[in-house]
Amino acid sequence: MGSIWDYIITGGHLYKKSFWRKEFEMIAREYGVSPDHVFAISNGAFMMNETDREIKEALRKKGILISIL
């Protein structure tokens, strides 16, 4: 993920250092969650509900996540 320095610089919001920052923020607004939550899903966090699955699909459609299978 990131170093402690990245955590300090971003105020605990590691998504802010990502190339995909704007996309994370846009998807978060669309689904009513935080950009940190979208970032966590993009990095393999456990999905808890249907909204998380929809977020994962949105990340795929944007090309942020790819499926091998």
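Parameters and conventions
Residues numbered from 1 in each chain as written. Predicted model: local features only at pLDDT ≥ 70, side-chain atom pairs only at ≥ 80, totals over all residues. Heavy atoms only, no water. Phe/Tyr/Trp six-rings, centres within 6.5 Å; stacked < 30°, edge-to-face > 60°. Buried < 20%, exposed > 50% of the residue type's maximum accessible area, 1.4 Å probe, protein only. Helix = DSSP H or I, 4+ residues; strand = E, 2+ residues; numbered from the N terminus. Contact = heavy atoms within 4.5 Å. Axes fitted to C-alpha atoms, helices over the stretch in contact; angles between N-to-C directions. Left-handed = near helix turned anticlockwise from the far one by under 90°. Nonpolar A, V, L, I, M, F, W, Y, C, P; charged D, E, K, R; others polar.

Caption draft 1: Geometry of the packing of aromatic side chains. Counted by the stated rule, this structure contains two aromatic pairs. Note on F19 and W20: the rings are 5.1 Å apart at their centroids and 90° apart in plane angle, and the pair reads as edge-to-face. With relative accessibility at 27%, the residue W20 sits in the partly exposed group. Ring geometry for F24 and F39: centres 5.6 Å apart, planes at 80°, overall edge-to-face. Of the two residues, F24 sits in helix 2 (residues 21–31) while F39 sits in helix 3 (residues 35–42), which places them 15 residues apart along the sequence. For the pair shown, F24 and F39 are each scored as buried.

Caption draft 2: Seen up close, the side chain of E25. Looking at where E25 falls in the secondary structure, it is placed in helix 2. On the accessibility criterion, E25 (15% relative accessible area) is buried. Setting aside anything within four residues of it in sequence, one finds E25 in contact with Y15 and P35.

Caption draft 3: Fine view of the packing of helix 2 against helix 4 (residues 50–61). At a minimum axis separation of 11 Å, helix 2 and helix 4 run at an interaxial angle of 145°. Handedness of the crossing formed by helix 2 with helix 4: right-handed. Where helix 2 abuts helix 4, its residues F24, I27 and Y31 lie against T51, E54, I55, A58 and L59. The class makeup of the residues in the contact of helix 2 with helix 4 is six nonpolar, one polar and one charged.

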